[in-house]
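This is what each chain is made of:
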Amino acid sequence: MAGSISKARNFAIYDGLDPREIPSYGTAEAGHYLGIPLATLRPWVGGRYYPTRKGRKHFKPVLSLPDKALPLLSFINLVEAHVLDAIRQIHRVPLKNVRSAIEYLMEKSKYEHPLAEPWFQTDGLNLFIQESDRLINVSQKGQFAMREIIKAYLRRVERDEAGLAQRLYPFTRKLRLGKLSEDPKIVVIDPMISFGKPSLARVFPQLS
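Within every chain, residues take consecutive numbers counted from 1 along the sequence as written. Totals for whole chains, interfaces and linings use all residues, but because this is a predicted model, local features are given only for residues with pLDDT of at least 70 and pairs of side-chain atoms are given and counted only at 80 or more. Excluding hydrogens and water, the side-chain values take into account all heavy atoms of the structure.

**Side note on the pairing of strand 6 (residues 127–131)**
Which entries qualify depends on this criterion: Between any two strands, pairing holds if DSSP finds at least two bridges. The secondary structure listing takes helices from DSSP runs of H or I that are at least 4 residues long and strands from runs of E that are at least 2 residues long, numbered from the N terminus.
Sheet topology places strand 6 next to strand 7 (residues 134–137); 4 bridges connect them, and they run antiparallel. Bridged to Phe-128 within strand 7 is Asn-137. With antiparallel pairing between neighbouring strands as the criterion, strand 6 and strand 7 make up a hairpin whose turn holds 2 residues, including Ser-132 at a positive phi of roughly 60°.

**Some details on the pattern of salt bridges**
Rules: We count a salt bridge whenever a side-chain nitrogen from Lys or Arg sits within 4 Å of a carboxyl oxygen from Asp or Glu. Residue burial is assigned from relative accessible area. The probe radius is 1.4 Å, only protein chains are included, and a residue is buried under 20% of its type maximum, exposed over 50%, and partly exposed in between.
On inspection of all chains with the given rule, the structure shows 6 salt bridges. Ionic pairing is found between Lys-60 and Glu-103, a salt bridge with its closest N-O pair at 3.8 Å. In this pair, Lys-60 is assigned in the loop between strand 3 (55–59) and strand 4 (72–73) and Glu-103 in helix 5 (residues 95–107), connecting sequence segments 43 residues apart. Note on Lys-60: relative accessible area 45%, which makes it partly exposed. When its relative accessible area of 32% is taken as the criterion, Glu-103 is described as partly exposed. Connected through salt bridges with shared partners, the residues Asp-18, Arg-20 and Asp-160 form a single ionic network.

**A word on unusual backbone geometry**
A positive phi angle is found at Ser-194, which is not glycine, with a value near 55°. Residue placement: Ser-194 occurs in the loop between strand 11 (187–188) and strand 12 (199–200). Of note in the backbone geometry, Phe-195 takes a positive phi value of approximately 55° without being a glycine. Along the chain, the position of Phe-195 falls in the loop between strand 11 and strand 12.

**Describing the side chain of Arg-156**
Rules: We call two N or O atoms a polar contact when they sit within 3.5 Å, provided that within protein one can donate a hydrogen and the other can accept it, with sequence-adjacent residues counted only if both atoms are side-chain atoms.
On the secondary structure map, Arg-156 appears in the loop between strand 8 (143–145) and strand 9 (157–159). For Arg-156, the side chain forms a polar contact with the main-chain oxygen of Tyr-169, separated by 2.6 Å.

**Remarks on the packing of helix 2 (residues 27–34) against helix 3 (residues 38–46)**
Applied cut-off: For helices, the axis comes from a line fit to the C-alpha atoms of the stretch in contact; other axes are also lines fit to C-alpha atoms, and the angle between any two N-to-C directions lies between 0 and 180 degrees. Any angle between 65 and 115 degrees counts as roughly perpendicular, while under 35 counts as roughly parallel, over 145 as roughly antiparallel, and the rest as oblique. The crossing is said to be left-handed when, going from far helix to near helix, the turn is anticlockwise and less than a right angle, and right-handed when the turn is clockwise. Contacts are residue-level and defined by heavy atoms, with any inter-residue pair within 4.5 Å sufficient.
Between helix 2 and helix 3, whose axes approach to 9 Å, the crossing angle comes to 125°. What the angle tells us is that helix 2 and helix 3 run oblique. Remark: the crossing between helix 2 and helix 3 carries right-handed chirality. For the pair helix 2 and helix 3, the contacting residues are Thr-27, Ala-28, Ala-30 and Gly-31 in the first and Leu-38, Leu-41 and Arg-42 in the second.

Laid out in structure tokens, this is it:
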């Protein structure tokens with residue numbers, strides 16, 4: 001009960017809105033925080049047109065922004081982009097597989113932000129969600145697969161009791177495959193602290 005009261009008070013300064021869902025980060029700003037090139041992040045957020053032999057085609061956005069009229073990411077979008085960066089840059093999952101997985105999950109009408117969900121996983125080739133003791137291969141429309149999965153990026157997303165993302169510790173140095181878990185959690189992005197601006201994690205020892 002005390003937790004609910006505290007949360008209500010915190011949400012009050014945001015007009016009762018969940019601060020995790022508020023448009024807060026420009027694309028360039030988000031890319032800087034996450035270490036993702038603007039040329040990579042911008043199509044994920046806003047889509048883009050590209051030429052083909054049959055004419056121009058449109059690359060649909062991968063992430064869904066909270067306000068279609070504002071090109072601003074929410075904290076949840078930051079988490080999604082962080083996970084998508086892991087999938088694309090580290091695990092080399094083809095983007096068409098990522099899109100297939102997201103569409104599959106959205107069709108089930110259960111996940112509003114699939115990439116930010118705690119059970120969303122990858123084995124480097126396909127994407128999975130965990131249900132009970134099995135992993136469902138969502139990029140192959142529901143095939144089952146059992147995998148041993150290391151989630152270095154996902155370990156940098158701290159969640160509350162309900163499993164919702166509440167803090168993100170972005171990487172602060174160049175990544176080296178196999179060394180991801182050794183990168184210290186120096187910077188934290190928490191929508192309840194400094195209106196979601198990056199802060200030094202050591203200033204808030206209870207968060208580390």
